[in-house]
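Descriptive analysis of the structure
Below are the chains, spelled out letter by letter.
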Amino acid sequence: MSRPTGAWQQHHPQYRGRMWAASPTFRRQLILLRTLLPPNPAAGCSSSPSSSLRVRAMAATVYEADAEAVVRRITPPLDRARHKGQAGKIAVIGGCREYTGAPYFAAISALKVGADLSHVFCTEDAATVIKSYSPELIVHPILEESYSVRDDERGSVSSKILTEVAKWMERFDCIVVGPGLGRDSFLLDCVSNIMRHARPANIPTVVDGDGLFLVTNNPDLVEGNSLAILTPNVYEYKRLVQKVLNCDIDQETPEQLIALCQKIGGVTIMRKGKEDLICDGKTVTQVSTYGSPRRCGGQGDILAGRVNPMTLGCIAGSLLLRRAASLAFEKNKRSTVTTDIIEFLGKSLEDICPAEH
Ligand SMILES: NC(=O)C1=CN([C@@H]2O[C@H](COP(=O)(O)OP(=O)(O)OC[C@H]3O[C@@H](n4cnc5c(N)ncnc54)[C@H](O)[C@@H]3O)[C@@H](O)[C@H]2O)[C@@H](O)CC1
Ligand SMILES: Nc1ncnc2c1ncn2[C@@H]1O[C@H](COP(=O)(O)OP(=O)(O)OP(=O)(O)O)[C@@H](O)[C@H]1O
Ligand SMILES: [Mg+2]
């Protein structure tokens, strides 16, 4: 029997509910709710000493997350009634002449842990290469670098790029800015415009790689944005601290991470390293589950494609990456590369959250 369509569908409460449930705005609110709800004791992400392991007794204390419980809590159930897109749509803004691996790693990782659609907005040079890595990705060759645009065309090209991205923006549950973006000044100006556009639309924004280079030099792009997550590696963190706090990096205590978060205002920062430290400006939570001794490039890009809003999303992303890295290393030892780790993302999630038939 075919389903009724048209005006009836618009007005029938049951269908209205389903249509609302399908809207990106609703899904974004759901994700936020899931991550913002006060943690239940089983989720184990509370910063209260009784339910978390106390790691360092300093003025600010770092608590080890019960990351498995967090993964169970935020992974959406597989529901037969759902249609394409309801498990998440992500866009990666990155990919240029030099870097095609990073945006691919970020975009494919989102699909490998359950997202339905993954887009990449990159330069034309990068687009064909990224498409050839995977037919699963939707690739938009719209960004331009200075060398391909005449000075007198810059204004019009820049607004054309923004119009093109804006057309899609509302559909995304999350954008990831920076993997393999490069540091071309014109391209970064265009990406700044995209970030400014995403903000009033309340689109969670992960900033990684060269996106962090951009934000380090223009902190106003994320200042006060509670839907922004910065995911610096050790060097990116050092540059952020030097620029924003105007001092040298202090690896030992969590106070500097809290100070950095507070100075930028509103954002969540995930400092990657031996332990991944996640700070929302008030508390610092860590994930220290052992991953692998291989430090091949691209692992941070997997993480960027994996994290979703706020602290719980960071914890889950970190754990899934680390477990996948561990499984990949067990199999491939010294030859482990990022592609091997991506292969194990599915098992990493399945071991914690088995899919039902
Ligand atoms: N296959 C790919 O396409 C990859 C592309 N990547 C992209 O490459 C771009 C640049 O990211 P990188 O992480 O390479 O950034 P950087 O170019 O800042 O760092 C590259 C390396 O240089 C060294 N370095 C940087 N700053 C240093 C300092 N102050 N002191 C000592 N050594 C220092 C470190 O070994 C660092 O890992 C980003 O867009 C990133 O997303 C990376 O994600 C790696 C994989
Ligand atoms: N010393 C370490 N010991 C264990 N795990 C680590 C260590 N350093 C990083 N990691 C893990 O690797 C992940 C990626 O961190 P890394 O510092 O390599 O990011 P990155 O430099 O941005 O990577 P990319 O090459 O993708 O840009 C982290 O989330 C963490 O889980
Ligand atoms: Mg990186």
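Residues numbered from 1 in each chain as written. Chains lettered and ligands numbered in written order. Predicted model: local features only at pLDDT ≥ 70, side-chain atom pairs only at ≥ 80, totals over all residues. Heavy atoms only, no water.

Counting residues in hydrophobic clusters, the biggest one holds 52 residues, and the most contacted among them are Ile-130, Leu-137 and Ile-315. If one sorts the elements of this core by residue count, helix H13 (residues 310-332) sits on top with eleven residues. Dropping the residues within four chain positions of it, Leu-137 is found in contact with Tyr-104, Ala-107, Ile-108, Leu-111, Ser-118, Val-120 and Ile-130. Listed in part, the 47 residues of the second largest apolar core include Ile-175, Leu-181, Cys-261 and Leu-277. (Core = buried A, V, L, I, M, F, W, Y, C linked by side-chain atoms within 4.5 Å. Buried < 20%, exposed > 50% of the residue type's maximum accessible area, 1.4 Å probe, protein only. Helix = DSSP H or I, 4+ residues; strand = E, 2+ residues; numbered from the N terminus. Contact = heavy atoms within 4.5 Å.)

Take the UniProt feature "binding site: (6S)-NADPHX" (unreviewed entry) in the protein chain next. Within the UniProt annotation, "binding site: (6S)-NADPHX" (unreviewed entry) is assigned to Gly-180, Asn-233, Val-234, Tyr-235, Glu-236, Tyr-237, Lys-238, Arg-239 and Asp-301. Checking the annotated residues one by one, the ones that line the second largest pocket turn out to be Gly-180, Asn-233, Val-234, Glu-236, Arg-239 and Asp-301. Among the secondary structure elements, Tyr-237 is positioned in helix H10 (residues 234-245). You can call Tyr-237 buried: its relative accessible area is 1%. Every residue in contact with Tyr-237, bar those within four places of it in the chain, is listed here: Pro-232, Ile-249, Gln-256, Leu-257, Leu-260 and Arg-271. Along the chain, Asp-301 turns up in helix H12 (residues 299-306). You can call Asp-301 buried: its relative accessible area is 13%. Dropping the residues within four chain positions of it, Asp-301 is found in contact with Ala-102, Phe-105, Ala-106, Pro-179 and Asp-208. (UniProt positions renumbered as here; feature names shortened; annotations may be inferred. 1 Å grid on protein atoms, 1.4 Å probe; cavity = no way out; pocket = protein on both sides within 12 Å on 5 of 7 lines; lining within 4 Å.)

Within this structure, the stated rule accounts for zero disulfides. Free of any disulfide, Cys-122 has its nearest cysteine sulfur in Cys-96, 9.3 Å distant. Residue class for Cys-122 comes out buried when judged on its relative accessible area of 0%. You can see Cys-314 has no disulfide; the closest cysteine sulfur is in Cys-261, sitting 10 Å from it. Taking the relative accessible area as the measure of exposure, Cys-314 reaches 0% and is therefore buried. (Disulfide = S-S within 2.5 Å.)

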